[in-house]
Each structure stands twice: as structure tokens, then as C-alpha cells.
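Residues per chain are reported as follows:
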Amino acid sequence: MNPLFDKLWARGYAETNRLNILSLVHTEHKQYRFIDLGCDDGSLTLEVAQKIGTTSIYGLEKNQTQLACCRVKGIKVVSGDLDDGIPLKTNSFDMVLSNQVIEHVCNTDLFLREIHRILKPEGYAIISTNNISSWTNIVALLFGKQPFPSHISDEILTGRFLSKDEPLPAATSAHRRIFSFPALSGLLKYHRFQIVEIKGSCFYPFQGFVERFLARTFPLYSAYIIVKVKKL
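Residues numbered from 1 in each chain as written. Predicted model: local features only at pLDDT ≥ 70, side-chain atom pairs only at ≥ 80, totals over all residues. Heavy atoms only, no water.

Colleague: Explain the packing of helix H4 (residues 108-118) against helix H6 (residues 181-190) to me, please; I cannot follow it from the model alone.
Modeller: To characterise two packed helices, one gives the angle between the axes of the helices and the distance between these axes. With their axes 10 Å apart at the nearest point, H4 and H6 run at an angle of 55° to one another. When the axes of H4 and H6 are compared, the pair comes out oblique. For the crossing formed where H4 meets H6, the hand is right-handed. Contacts between H4 and H6 involve Thr108, Asp109, Leu112 and Arg113 on the former and, on the latter, Leu187, Leu188 and Tyr190. In terms of residue class, the contact of H4 with H6 is made up of four nonpolar, one polar and two charged. (Axes fitted to C-alpha atoms, helices over the stretch in contact; angles between N-to-C directions. Helix = DSSP H or I, 4+ residues; strand = E, 2+ residues; numbered from the N terminus. Parallel < 35°, antiparallel > 145°, perpendicular 65-115°, else oblique. Left-handed = near helix turned anticlockwise from the far one by under 90°. Contact = heavy atoms within 4.5 Å. Nonpolar A, V, L, I, M, F, W, Y, C, P; charged D, E, K, R; others polar.)

Rendered as C-alpha cells:
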């Protein structure tokens, strides 16, 4: 990520994205089986589980350090790479969460097919990801620069607006595919999901009421897309 946007993210956009995800979660379903794909250290996983009201909490994570954190927190976490599929039973989950993960996956079609497969009939998923058509990306393109979340290398960040060339941070996994609202919606429909709700999340560099107003009013140009889908 661009250093400027690292700072902006730290100023509260992660929190905004978290709250927007939580706003889409069904509540008071104590028997729900819930899984967080790419669950990191499990912090958001537990918040979503608490909002649902469930203690049946699962995760999938390939980073062994983060995986250990999840286990300490009581999450039934599985070690795995999403490009290899999801090593869990068909029709076994009521809800799936994928926050800032789909852009890192090489085989996007397999990823969505696997989500569809593990969801129970009438189950739902919440997916949050970068928006290629955010206004900041449009501005970058107008200046002939690379869109901010679009990585072209596993080793270097280059060609970006307001930043110098620099190594891709060791802990960062490069983005493989970045979506617009229409593209992500079309792909989800192709993989037999019904769109329940789509919302924009975060509007750099604004914050507070202005940021929320702009993301709600102009979701196509927000920094992130959050989509809630139902399995058909």
C-alpha cells in the first residue's frame, strides 16, 4: 500500500470498514456456523461471531503466527491456502466472511465456487475488497499513474501517484485482481449468488460525517466495496 494511504488507513479507515461489515451481519442466530476466510489474528472474527450470537466459530488462515493467535482465542481455525480450495465439508456453514482477501487470491472463480459449496442452502456471505473505480484511483489514472491497490510485482511498488519506488513490504501479499462494483456483482451472480446489499466503505481522505456521507452517496467511488450475498 502507498505510504500515504498506510497513514490514512491507520487514522481510522480500518475501523470504518469494520463497522460497515458488522452492520450487514444477521444477529441473534446462536446456532449459526460461521467461518472467516483469511481470519488474520481473529479479532474481527470474534466481533462478527458476537454480533451473530454464535459460539460456533471457524477460520481459515495460512499465516502460522496468526493461526496460533486464533487458536488461543478459541477459534476453530484450519491451516490452508485459499488457492487450493477450502478443506471443509459441503453445506456446512450459515455465514462466510471474507475481509480484504479476494484481491489476494489467484483463482477467484475457485474461491467463489468454494464459498458457494460450503454455504448451507440460504446461507450468506459478506465480502469486502478494494474498489478499482474509487475516486483516488481515477485521479491516479488521470495523472498516468498506477491505481493505488493495483500491484504489478511481488517485489516492488512502482509507478504510483505521490510516492517513490519502494520494495513491497515483506509481510504484504500482492493484490492479484481488483474489482469495480459492477464487475464484482456480475462475477457473484455468475457463481450463483443473489446480491442482498452492496455498500461503499471509506472515502479517502475525508473522515467522520463527511466520509460516511460521501461513501453512502457515491458508493461507486468509495475506497472499498462491501457486498452481502445469499446462496442460490
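Still more ground to cover, so stick around.
Colleague: Mind showing me how you'd approach the pattern of salt bridges here?
Modeller: Here the structure, examined in full by the defined rule, presents seven salt bridges. A salt bridge links Arg18 to Glu47, with the nearest nitrogen and oxygen atoms 2.3 Å apart. Separated by 29 residues along the polypeptide, Arg18 in helix H1 (residues 3-22) and Glu47 in helix H2 (residues 43-52) bring together distant segments of the chain. Given a relative accessible area of 28%, Glu47 falls into the partly exposed group. Of the charged contacts, one joins Glu114 and Arg117 as a salt bridge, the two residues approaching to 2.7 Å between their closest N and O atoms. In this pair, Glu114 and Arg117 both sit in helix H4, three residues apart, roughly one turn of the helix. Where salt bridges share partners, they join Glu15, Arg18 and Glu47 into one cluster. (Salt bridge = Lys/Arg side-chain N within 4 Å of Asp/Glu carboxyl O. Buried < 20%, exposed > 50% of the residue type's maximum accessible area, 1.4 Å probe, protein only.)

Colleague: Any chance you could explain the sheet that holds strand E1 (residues 33-37) here in plain terms?
Modeller: To summarise the sheet geometry, strands pair through backbone hydrogen bonds and adopt either a parallel or an antiparallel arrangement. The sheet built from seven strands is open, its strands ordered E3-E2-E1-E4-E5-E9-E8 with mixed pairing. The open sheet terminates on both sides in strands that have one partner only, identified here as strand E3 (76-79) and strand E8 (193-201). Going across the sheet, the axis of each strand differs from the next one's by a mean of 15°, ignoring polarity. In the packing of H4 onto the sheet, the strands contacted are E1, strand E4 (93-99), strand E5 (119-130), E8 and strand E9 (224-231), and the crossing angle to E5 comes to about 145°. Sitting on the sheet, H6 is in contact with E5, E8 and E9, with an inclination near 160° to E8. (Pairing = 2+ DSSP bridges.)

Colleague: Explain the environment of His26 here, please?
Modeller: Looking at the element boundaries, His26 is found in the loop between H1 and E1. Taking C-alpha positions, His26 is 9.5 Å from Tyr124, a pair spaced 98 residues apart along the chain. Not counting chain neighbours up to four residues away, the residues in contact with His26 comprise Tyr32, Lys51, Ile52, Tyr124 and Lys228. Within the structure, His26 has its side chain in polar contact with the side chain of Lys228 (distance 3.1 Å). (Polar contact = N/O pair within 3.5 Å; in protein donor to acceptor, adjacent residues only side chain to side chain.)

Colleague: Got a minute to help me understand H4 in this structure?
Modeller: Working note: α-helix, 3.6 residues per turn, so residues spaced by three or four point in the same direction. Those residues of H4 that fall on the buried side of the exposure criterion are Thr108, Phe111, Leu112, Glu114, Ile115, His116 and Ile118. Of the surrounding elements, those touching the buried residues of H4 are E1, E4, E5, H6, E8 and E9.

Colleague: I tried to follow the nonpolar core on my own but got confused; where do I start?
Modeller: The nonpolar side chains of soluble globular proteins are, as a tendency, buried together. Within the largest apolar cluster, 27 residues are counted, with the highest numbers of intra-cluster contacts made by Leu37, Leu82, Val96, Phe111, Leu112, Ile115 and Leu188. Elements supplying a minimum of two residues to this core: E1, strand E2 (56-61), E4, H4, E5, H6 and E9. When near neighbours in sequence (up to four residues on either side) are disregarded, Leu188 contacts Leu112, Ile127, Phe193, Ile195, Val227 and Val229. Among the nonpolar cores identified, the runner-up in size contains 21 residues, and Leu24, Val48, Ala49 and Cys70 belong to it. (Core = buried A, V, L, I, M, F, W, Y, C linked by side-chain atoms within 4.5 Å.)

Colleague: So what exactly am I meant to see when it comes to the packing of aromatic side chains here?
Modeller: Given two aromatic rings, their pairing is described by the distance between the two centres and the angle made by the two planes. For the coordinates displayed, the defined rule picks out six aromatic pairs. Residues Tyr32 and Tyr124 carry aromatic rings whose centres are separated by 6.5 Å and whose planes lie at 55° to one another, so their mutual orientation is tilted. Of the two residues, Tyr32 sits in the loop between H1 and E1 while Tyr124 sits in strand E5, which places them 92 residues apart along the sequence. Like Tyr124, Tyr32 is buried. (Phe/Tyr/Trp six-rings, centres within 6.5 Å; stacked < 30°, edge-to-face > 60°.)

Colleague: Help me understand the state of the cysteines, please; the structure alone is not making it clear to me.
Modeller: Covalent bonding between the sulfur atoms of two cysteines is what defines a disulfide. Overall, the coordinates contain zero disulfides when judged by the stated rule. With no disulfide of its own, Cys39 lies closest to Cys70 among cysteine sulfurs, the gap being 3.6 Å. (Disulfide = S-S within 2.5 Å.)

Colleague: Any chance you could explain unusual backbone geometry here in plain terms?
Modeller: As a rule of thumb, non-glycine residues mostly have phi less than zero, and peptide bonds are mostly trans rather than cis. In this chain, Tyr204 is followed by Pro205 through a cis amide linkage whose omega measures -5°. Mapped onto the secondary structure, Pro205 falls in the loop between E8 and helix H7 (208-217). Despite not being glycine, Asp40 shows a phi value in the positive range, around 55°. Mapped onto the elements of the fold, Asp40 is located in the loop between E1 and H2. Of note in the backbone geometry, Leu162 takes a positive phi value of approximately 60° without being a glycine. Assignment of secondary structure puts Leu162 in the loop between strand E6 (156-157) and strand E7 (166-167).

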